[in-house]
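Chain residues, written in single-letter form:
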Amino acid sequence: MHENFLAKNQSLVAKAIDYQHGDFEPSHSHGCSQLIHALSGVVQVTTHHGVWMVPPGRGVWLPANVTHSLRFIGGVQARTLFVDSLARADLPDQCQVVQVSPLLRELILASFSVPENYAVGGRDERIIELILDELRLLPILPLHLPEPRDTQLLAICQQIQQDLSAAWELEEIAANMGISGRTLSRRFQRETGLRFSDWIRRAKILSAMNGLALGQSVLDVALELGYDSPSAFSAMFRRTLGVSPSEYFSSAARAAETAESLS
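Rules used in this analysis
Residues numbered from 1 in each chain as written. Predicted model: local features only at pLDDT ≥ 70, side-chain atom pairs only at ≥ 80, totals over all residues. Heavy atoms only, no water. Core = buried A, V, L, I, M, F, W, Y, C linked by side-chain atoms within 4.5 Å. Buried < 20%, exposed > 50% of the residue type's maximum accessible area, 1.4 Å probe, protein only. Helix = DSSP H or I, 4+ residues; strand = E, 2+ residues; numbered from the N terminus. Contact = heavy atoms within 4.5 Å. Salt bridge = Lys/Arg side-chain N within 4 Å of Asp/Glu carboxyl O. Pairing = 2+ DSSP bridges. Expected span 1.5 Å × (residues − 1). Arc of directions from axis to C-beta. 1 Å grid on protein atoms, 1.4 Å probe; cavity = no way out; pocket = protein on both sides within 12 Å on 5 of 7 lines; lining within 4 Å. Points joined across faces, edges and corners; volume = space filled by probe spheres on them. Nonpolar A, V, L, I, M, F, W, Y, C, P; charged D, E, K, R; others polar. Axes fitted to C-alpha atoms, helices over the stretch in contact; angles between N-to-C directions. Left-handed = near helix turned anticlockwise from the far one by under 90°. Parallel < 35°, antiparallel > 145°, perpendicular 65-115°, else oblique.

1. Looking at the nonpolar core
Ranked by size, the top nonpolar core spans 54 residues in total, and within it Leu143, Trp199, Met209 and Phe233 carry the most contacts. No other element matches the nine residues that helix α6 (residues 196-213) contributes to this core. Apart from residues lying up to four places away in sequence, Trp199 is in contact with Leu145, Pro146, Cys157, Ile160, Gln161, Phe188, Thr192 and Leu194. Leu12, Trp61, Val100 and Leu107 belong to the second largest nonpolar core, which has 20 residues in total.

Have a look at this one:
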């Protein structure tokens, strides 16, 4: 299915859609670019390039014509911008999970009151133009899990994801494949753009997002992912995203409450 939500000569349009836990949108695409901003819950975006996990308070940028499916974990309040790909020459051209600044969040909320045929030179036009400027500067977050095209490596990745608590060792996997660890390491990085250990760490982060969004404790999530203690898991989480798991989700909850009160 191919959709385009923009009217003629319209640069962007904002839509507010809420989802229940477990809701799913099958593969589809849009004739325009899209920013999905999750106020609450987690959105899982899947394309043939891999999986992007969007935690609360963050967003995912999807260029025009990219076929994708969506899965919603927890109650998701989504605020979506559909954007004309030609509105700015340097809008992102790849899927990416992004940080949504407080300024952009407020601009998105303000855009809901902008009429389709707004006056040129007025406040409404300035809101739209500033949103388009902000979209060019979205900070990228490491919440994309790339999938290898190599069928052998893809099978290994799927096996790892089914048991993230196991102690996966590159050398042991390589020996089972009949190749050296160095060869496997080169193949893996060439296919995914990540080192083997970094790919596993990112897979654990994305899995943790699911559990935390559903209200699991940091302790339970840490043990499910094979960490000896919640402090070890929190340290890994902080190295990757800059804050602890509890800080990450509590700040997002505050942002969602603020946005809800203003919408």
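2. A short note on the pattern of salt bridges
Evaluation of the coordinates by the stated rule reveals nine salt bridges. The partner of Arg187 in a salt bridge is Asp150, and the shortest N-O contact between them spans 3.1 Å. You can see Arg187 sitting in helix α5 (residues 181-192) and its partner Asp150 sitting in the loop between β9 (144-146) and α3 (151-162), a full 37 residues away along the chain. Residue classification places Arg187 among the buried residues on the basis of a relative accessible area of 17%. Here Arg195 makes a salt bridge to Asp198, at a shortest N to O gap of 3.0 Å. Through salt bridges with shared partners, a single network forms among Arg88, Asp90, Glu129, Asp133 and Arg136.

3. Quick word on the pairing of strand β7 (residues 68-83)
The element β7 is extensively covered by neighbouring structure, given that 14 of its 16 residues are classed as buried. Relative to β7, strand β2 (residues 12-19) is paired through eight bridges, and the arrangement is antiparallel. In the sheet register, Ile17 faces β7, and the bridge partner there is Ala78. Here strand β3 (residues 24-30) runs beside β7; their pairing, made up of three bridges, is antiparallel. Across the sheet, the residue bridging to Glu25 is Leu70, located in β7. Inspection of the sheet shows strand β4 (residues 33-47) paired to β7 by twelve bridges, in the antiparallel sense. From the neighbouring strand, Ser33 faces β7, where its bridge partner is Val83.

4. Focus on α3
Three or four residues apart is the spacing at which side chains of an α-helix point the same way, because the helix has 3.6 residues per turn. The terminal C-alpha atoms of α3 lie 17 Å apart, and with twelve residues this matches the ideal 16 Å at 1.5 Å per residue to within 8%. Listed in full, the buried residues belonging to α3 are Leu153, Ile156, Cys157 and Ile160. Buried positions in α3, seen along its axis, are confined to an arc of 100° and lie on one side of it. In α3, the exposed positions angled more than 90 degrees off the buried face are occupied by Thr151 and Gln162.

5. Observations regarding the layout of surface pockets
As a volume, the largest pocket reaches approximately 220 Å³. What lines the largest pocket is a set of 14 residues, and nearest its centre among them are Ala166, Trp168, Ser197, Ile200 and Lys204. Elements with a minimum of two residues in the lining of the largest pocket: α6 and α8 (230-241). For the lining of the largest pocket, the element with the highest residue contribution is α6, accounting for five residues. In terms of residue class, the lining of the largest pocket is built from seven nonpolar, three polar and four charged.

6. Considering the packing of helix α1 (residues 102-111) against helix α2 (residues 123-135)
Contact geometry of α1 with α2 gives a least axis separation of 10 Å together with a crossing angle of 145°. As for the relative orientation of α1 and α2, their crossing is left-handed in sense. Contacts between α1 and α2 involve Leu103, Leu104, Leu107, Ile108, Ala110 and Ser111 on the former and, on the latter, Ile127, Leu130, Ile131, Glu134 and Leu135. When its residues are assigned to classes, the contact of α1 with α2 shows nine nonpolar, one polar and one charged.

7. Some remarks on the packing of α3 against α6
Contact geometry for α3 and α6: axes closest at 10 Å, N-to-C directions at 45°. When the axes of α3 and α6 are compared, the pair comes out oblique. Remark: the crossing between α3 and α6 carries right-handed chirality. Taking contact as the criterion, the partners of Cys157, Ile160 and Gln161 in α3 are, on α6, Phe196, Trp199 and Ile200. Class assignment for the residues of the contact of α3 with α6 results in five nonpolar, one polar and no charged.

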